[in-house]
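Structure at a glance
Below are the chains, spelled out letter by letter.
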Amino acid sequence: MNTEAHLIDQKSAVDAYPVVEEVSSLLKCPAEDLDASVTTAQRAALRAAVSDLNARSAVGDTAAFYGQQLLLSRIYGLCTQLPDGPTAEGSAFVHEMLRLLEQATMAAEDAMLEPGTLDAAPAEPSAYLSWLKKAAREHRVYKHPYYRAFIRDRATADDLRNYVIQESVVDGRFDDLLAMMQVGTSGEAKMEIAENFWDEMGNGDPSQVHTHLFNQIFRVFDIPAQELERSLTANALLSGNLAVLLCRYRRLYPEAVGFLGMTEWLAPERFVHVVHAWERLGLPDPGIVYHKLHITIDSRHAAGWFHNVVVPAATSERMRRAIARGALWRLNSSARYLDERMPDLAAHRHA
C-alpha cells in the first residue's frame, strides 16, 4: 500500500495550483477588511483560478482534486472550529469561492450516480426503506475488503494510526454534524437526532463524550494536531467535506439524513474488525473504547434513524430522492476512499 501517495498530491497541488494557498492565506483576514481590499480584478482572477482547479479535478487531475478538497476543508474550518483570532467567516468573497468548490464537488458526486437509480425508489415508505438497505447491501463498499481482509488480519500499528487520522474527518466531529443538521427539524426526526446527539455527549458525562473517547486514540498513537491536515488524503478530505456540506445547508437536510444514516449503519460491522485488529496488536485499552461503544450504539442509532427519520420523510417524493442521493454519495465516496486505502484489494468484491 502506497501510504505516501497523498503527500505527493499535496506538494503537486501547492506547486501546480497556487490558488489553494493564496485563498487559504486570506482566511485569517477579518471579513469586512477582506471584502474591502479585494479588487474586482483580483476577485475575477481568483474566481477563474478556482474554476480551473475544479475543471481539472473533474477530468481526473489528482493534484487538482487534492487542492480542491483541501481548500474546501480549510474554508469549512471557518464554520466548524472556534478561532483564536480574526477570520474571514461571513466574507462575501470567501463565500463566492466556497460556492464554486461546493458546486463542483456536488456535480462530481452526482456524476457517479447510476442513471435511473433515484427513479427506481418505491413510493411506499416501508418498501422504500427496504430498497435503500438493499442498494447498500449490493454496493461494492458493503463489507469492503479493507476492513474484512486488511484491517482485521494484516494491519500493523502504523496502519491503524493512519486509519484513525483519515477517519477523524467524520468520526472525530460526529456530534457537531448532528448539531448542525437538526436545526429546523421537528417531531420524531428531531427527537431521534437529539437522542443520537445526547449519546454522543456521553449522556451528560464529560469523560464519556464520544469525541473525547475518539481523541484517546490520538494519545495512544501520539498524533499531534498539526499532523492531521497534512496526513489526510484527498478522498478522506472529501468524506469530511461532504458531511459538512450536507449538514450545514437546510435545503440539503434530506441528503444529510441519507449520508449520516448510511454512515451509522455501516459502522458496527466495520468497527468489529478494527477492535479485532486492536486486540490482535495488543494496543492500550483506552484507545479502543470509542469503537467498542459504537458497535452496539450505532446499531441502535441506525435502526432508530431509519424508522423515525427516514420512514416518516419517505412519504414525500422530493425527500425520497434526496435521501437516496445522500445515501449513495456516502456509499460511493466511501468505496473510493477504501479502495485508496487498500489498492491491492480494490478490485475485490464482497462474497
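Structure: above.
In this report, we go over the structure that sits alongside the text. It should be emphasised that the depicted structure is a prediction, and the values quoted were computed from it without experimental measurement. (Residues numbered from 1 in each chain as written. Predicted model: local features only at pLDDT ≥ 70, side-chain atom pairs only at ≥ 80, totals over all residues. Heavy atoms only, no water.)

For the rest of this paragraph, the subject is the overall build of the protein. Counting secondary structure elements, the protein contains 17 helices and zero strands. Along the first, second and third principal axes, the C-alpha atoms of the protein reach 55 × 50 × 45 Å. Counting all 351 residues of the protein, 53% fall into the buried class. Of all intrachain contacts in the protein linking residues separated by at least 6 positions in sequence, the fraction that spans at least 24 positions is 83%. Within the structure as shown, the protein displays about 15,100 Å² of accessible surface, and the carbon and sulfur contribution to it stands at 56%. Taking the 35 positively charged and 46 negatively charged side chains of the protein as two groups, their mean positions are separated by 4 Å. (Helix = DSSP H or I, 4+ residues; strand = E, 2+ residues; numbered from the N terminus. Buried < 20%, exposed > 50% of the residue type's maximum accessible area, 1.4 Å probe, protein only. Contact = heavy atoms within 4.5 Å. Areas by Shrake-Rupley, 256 points an atom, 1.4 Å probe, with all protein chains shown as cover. Lys, Arg positive; Asp, Glu negative; His and termini not counted. Charge placed at Lys NZ, Arg CZ, Asp CG, Glu CD.)

Let us look at helix α5 (residues 62-80). The terminal C-alpha atoms of α5 lie 26 Å apart, and with 19 residues this matches the ideal 27 Å at 1.5 Å per residue to within 8%. Burial of α5 is extensive: 14 of the 19 residues sit out of reach of the surface. If you check the start of α5, you find a side-chain oxygen 3.0 Å away from the backbone N of A63, and it comes from D61. (Expected span 1.5 Å × (residues − 1). Polar contact = N/O pair within 3.5 Å; in protein donor to acceptor, adjacent residues only side chain to side chain.)

Relative to the elements of secondary structure, K133 occurs in helix α7 (residues 125-137). If we ignore the near neighbours within four places in the chain, the residues touching K133 are W265 and F306.

Our focus in this paragraph is unusual backbone geometry. In the Ramachandran plot, K143 falls in the positive-phi region, its phi being about 55 degrees despite a non-glycine side chain. Considering the arrangement of structural elements, one finds K143 in the loop between α7 and α8 (145-151). On the basis of relative accessible area, K143 is assigned to the partly exposed category, the value being 28%. Despite not being glycine, N203 shows a phi value in the positive range, around 50 degrees.

This paragraph deals with the nonpolar core. Counting residues in each nonpolar core, the largest one holds 110 residues, and the members touching the most others are Y128, L132, I151, M181, L245, L260 and W305. Tallying contributions element by element places helix α15 (residues 253-281) first for this core, with 14 residues. (Core = buried A, V, L, I, M, F, W, Y, C linked by side-chain atoms within 4.5 Å.)

Now for the packing of aromatic side chains. Taken as a whole and assessed by the stated rule, the structure comprises 11 aromatic pairs. Geometrically, the ring pair formed by Y147 and Y163 is edge-to-face, given 5.9 Å between the ring centres and 90 degrees between the ring planes. Here Y147 is found in helix α8, whereas its partner Y163 is found in helix α9 (residues 157-171), with 16 residues between them in sequence. As far as burial versus exposure is concerned, Y147 and Y163 are alike and both buried. Geometrically, the ring pair formed by F214 and Y290 is edge-to-face, given 5.1 Å between the ring centres and 80 degrees between the ring planes. (Phe/Tyr/Trp six-rings, centres within 6.5 Å; stacked < 30°, edge-to-face > 60°.)

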